[in-house]
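Survey of secondary and tertiary structure
The residues making up each chain are set out below.
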Amino acid sequence: MKFSLLYLPENSQKNINLLMLAFAIAFSLIPMIMRNIIPHDMIENLYWGKEFQLGYAKHPPLFAWISYAFYKMCFSIPESLYILTQLNLLVGLYFIYKISEIIFSEQTKRWASVLIFMCSVCAVFGNEKFNASTILMSLFPAMFYYFTRMMKYKKTGDAIILGIVAALAFIGKYFALLYIGCAGFFVLWNDDARKLLETRLPYVAVVTFLIGISWNLHWLYQNDFVTVKYALEKSIKAKKSYASSINFLAMQFIFFSTSFWAFAYAYEGKMKFLPQKIEEYSCEEKFIMFMTIAPNVLMFLASLLFGMRIGSFWGTNMLMTVGIYLLLINKEKLDLQKLFIFTKRILVFFGIVLFLKLGVARLFLREYDPRNALNIRKIAHCIENDWHGKFGNQKIRYIKTDKATTALHTYLKDDPSFYDVVHNDIFHVFERYPLGKNVVVAFLANKNNGEVEKFRKIYDGCILFENSLPLVGDYIVYYAFIRDQRDGGSDDNKTPQNYY
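Keep in mind that what you see is a predicted model, and the values were worked out from it rather than measured.

Reading guide: rules and limits
Residues numbered from 1 in each chain as written. Predicted model: local features only at pLDDT ≥ 70, side-chain atom pairs only at ≥ 80, totals over all residues. Heavy atoms only, no water. Helix = DSSP H or I, 4+ residues; strand = E, 2+ residues; numbered from the N terminus. Rg over C-alpha atoms; globule rule 2.2 N^0.38 Å. Buried < 20%, exposed > 50% of the residue type's maximum accessible area, 1.4 Å probe, protein only. Areas by Shrake-Rupley, 256 points an atom, 1.4 Å probe, with all protein chains shown as cover. Phe/Tyr/Trp six-rings, centres within 6.5 Å; stacked < 30°, edge-to-face > 60°. Patch = residues over 30% accessible without salt bridge, like charges linked within 9 Å, V, L, I, M, F, W, Y side chains within 5 Å. Salt bridge = Lys/Arg side-chain N within 4 Å of Asp/Glu carboxyl O. 1 Å grid on protein atoms, 1.4 Å probe; cavity = no way out; pocket = protein on both sides within 12 Å on 5 of 7 lines; lining within 4 Å. Points joined across faces, edges and corners; volume = space filled by probe spheres on them. Nonpolar A, V, L, I, M, F, W, Y, C, P; charged D, E, K, R; others polar. Axes fitted to C-alpha atoms, helices over the stretch in contact; angles between N-to-C directions. Parallel < 35°, antiparallel > 145°, perpendicular 65-115°, else oblique. Left-handed = near helix turned anticlockwise from the far one by under 90°. Contact = heavy atoms within 4.5 Å. pLDDT = per-residue confidence, 0-100. Expected span 1.5 Å × (residues − 1).

If you tally the helices and strands in the protein chain, you get 20 helices and 6 strands. Its C-alpha radius of gyration of 25 Å places the protein chain within 12% of the 23 Å reference for a compact globule of 500 residues. With the principal axes as the frame, the protein chain shows a C-alpha extent of 80 × 50 × 45 Å. Per-residue burial over the protein chain gives 55% buried out of 500 residues. When the accessible surface of the protein chain is totalled, it reaches about 22,600 Å², and 61% of it is carbon and sulfur.

Here it is as structure tokens:
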């Protein structure tokens, strides 16, 4: 039986909902089962969120707050963040559908716009972890939705919510300013949208937005714009390479080519990529098309003209409305059943690839990269047994690790601090720092390279206990309990104020 754009059987909505649920469950479970440690980005989320600061050295705070709150709600299980990752994407899919409700009268187009994005490589491999980039996969579609509602229905409530969502996107990642700027430019450029300036709506949205981000701007000012400086060092101040612009295009092609493939497979006409007769589109339709294309073009040009470095995964949230865009410029029939079948098949294929990537590859790499052989739960258990054997019921208050063992702070039941809120930095293993006595230090080491000896020399007289666990080859995980304090006398647990 064929499905046209004029007909949607009752069970189709149920089947698509079940597919979305299966999608979220499968891509939560695969990394839970196959990864030995949660990704470093999500480890960072937890040690930042634990301190609940108004900003951090690398990023604004929203995704860290949400990560830590969800982690605690899930009984401090680090792997729960895989569930959060997929829930965040489901929110994005919901708002893609809600945008389609405003744009399309046909129910099939609304569901097709969701399925087309779900077919993308980005929806799976660009969404393996919850971080500053992927949080925008829910916030950008939400921002587009309320902007579209504001233009169409002209309600003050939509303007207020738009300002709130835009503020959330900003404190999710400052990259959101690109989209906020593009939306503002559209209002000035489009004749119909410009009429909004004669109402109070855009001003209400802007004031709400500014109020919503004011506290973070104050934090930035107080901390010498540390986050902005980090972003500049990572992009503009980094060694200029025009290859970055080509890499950006290549990554966008890789991320979303399967969405175009899915559409072509189900479409019954000659597929077009650019709109014809732009004057025939409504203001809301023009807005969605503009916001699908303009940020990508601007990002590419900025990299091309200024040699700005673009991270490979920065584009994960930049074409989420690709399905709506394709359905707007291609007016002929689309077979929803074929699209649904294609989506199921491509997601099964992605699931197999992800399973092999995380599982089989780890087994082969563990001999060459000992980080793949780490069993963080077991290491945390050994540390806790030794700690309580020596210190009884005293809590571990601080931890210092290298990058390989950073996840320990999430697996230790005492939930020790790892982030210095005074200097906006982590506690480094090979820097003595006056923290008090309830401190654990752990790092991955090669028995033959002298790292353990170097550590002992730096912390001479401060080591209260030490042990090591064999890993693979000559590698060990070394850990020690230290009194990391200038005078070595007081047991007070004070916030550190300066380095040795």
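Taken as a whole, this structure holds 48 aromatic pairs when the rule is applied. With centroids separated by 4.9 Å and ring planes inclined at 65°, the aromatic side chains of Tyr 47 and Phe 418 adopt a geometry described as edge-to-face. Of the two residues, Tyr 47 is situated in helix H2 (residues 40-49) and Phe 418 in the loop between helix H19 (408-411) and strand S2 (419-420); the sequence distance between them amounts to 371 residues. Taken as a pair, Tyr 47 and Phe 418 share a single burial class, namely buried. Ring geometry for Tyr 265 and Phe 342: centres 5.4 Å apart, planes at 40°, overall tilted. Of this pair, Tyr 265 sits in helix H13 (residues 243-266) while Phe 342 sits in helix H16 (residues 336-358); the two residues are 77 residues apart in sequence, bridging distant segments of the chain.

Taken together, the side chains of Tyr 242, Ile 293, Val 297, Leu 301, Leu 304, Leu 305 and Phe 306 make up a nonpolar region of the molecular surface, amounting to roughly 650 Å² of accessible area. Along the polypeptide, Leu 305 turns up in helix H14 (residues 283-306). Accessibility expressed as a relative area gives 58% for Leu 305, which makes it exposed.

Moving on, we come to empty space enclosed by the protein. In total, this model carries 2 cavities of 30 Å³ or more according to the counting rule given. In this structure, the largest cavity occupies an estimated 50 Å³ of space. Lining the largest cavity, in full, are Phe 27, Pro 31, Arg 35, Gln 86, Ala 123, Val 124, Asn 127, Glu 128 and Leu 354. Elements that contribute at least two residues to the lining of the largest cavity include exactly helix H1 (10-34) and helix H6 (122-125). Each residue belonging to the lining of the largest cavity can be placed in one class, and the counts come to 5 nonpolar, 2 polar and 2 charged.

Attention shifts here to the layout of surface pockets. Estimated volume of the second largest pocket: approximately 380 Å³. What lines the second largest pocket is a set of 17 residues, and nearest its centre among them are Gln 252, Phe 260, Ile 293, Asn 296 and Leu 319. Put simply, the parts of the chain that give the lining of the second largest pocket at least two residues each are H13, H14 and helix H15 (322-329). Counting residues per element, the lining of the second largest pocket draws most heavily on H13, which supplies 7 residues. Counted by class, the lining of the second largest pocket contains 13 nonpolar, 4 polar and no charged residues.

This part takes up the packing of H14 against H15. Axis separation between H14 and H15 bottoms out at 9 Å; the angle between their running directions is 125°. Overall, the two elements H14 and H15 adopt an arrangement that is oblique. Every pair of crossing elements has a handedness; the one defined by H14 and H15 is left-handed. In this structure, H14 contributes Glu 285, Ile 288, Met 289, Thr 292 and Ile 293 to the contact, and H15 contributes Val 322, Ile 324, Tyr 325, Leu 328 and Ile 329. Of the residues in the contact of H14 with H15, the class split is 8 nonpolar, 1 polar and 1 charged.

Let's shift gears to the environment of Lys 173. Within the element layout of this structure, Lys 173 appears in the loop between helix H8 (156-170) and helix H9 (176-189). On the basis of relative accessible area, Lys 173 is assigned to the buried category, the value being 11%. Along the primary structure Lys 173 and Val 121 are separated by 52 residues, whereas in three dimensions their C-alpha atoms are 22 Å apart. The contacts of Lys 173, once residues within four sequence positions are left out, are Pro 60, Ala 132, Ser 133, Leu 136 and Trp 314.

Of the residues in the protein chain, 92% have a pLDDT of 70 or more, and the chain-wide mean is 89. By mean pLDDT, helix H17 (residues 360-365) is the weakest element of the protein chain at 69, and H8 is the strongest at 98. Low pLDDT (under 50) marks residues 1-9, which in the prediction has 25 contacts with non-local residues, meaning those over four places away or in another chain.

As a further point, take H16. Between its first and last C-alpha atoms H16 spans 32 Å; for 23 residues at 1.5 Å apiece the expected length is 33 Å, and the two agree. Among the residues of H16, those classed as buried are Leu 336, Leu 339, Phe 340, Phe 342, Thr 343, Ile 346, Leu 347, Phe 350, Gly 351, Leu 354 and Leu 358.

As a further point, take the side chain of Thr 227. Residue placement: Thr 227 occurs in helix H12 (residues 226-234). A relative accessible area of 1% means that Thr 227 is categorised as buried.

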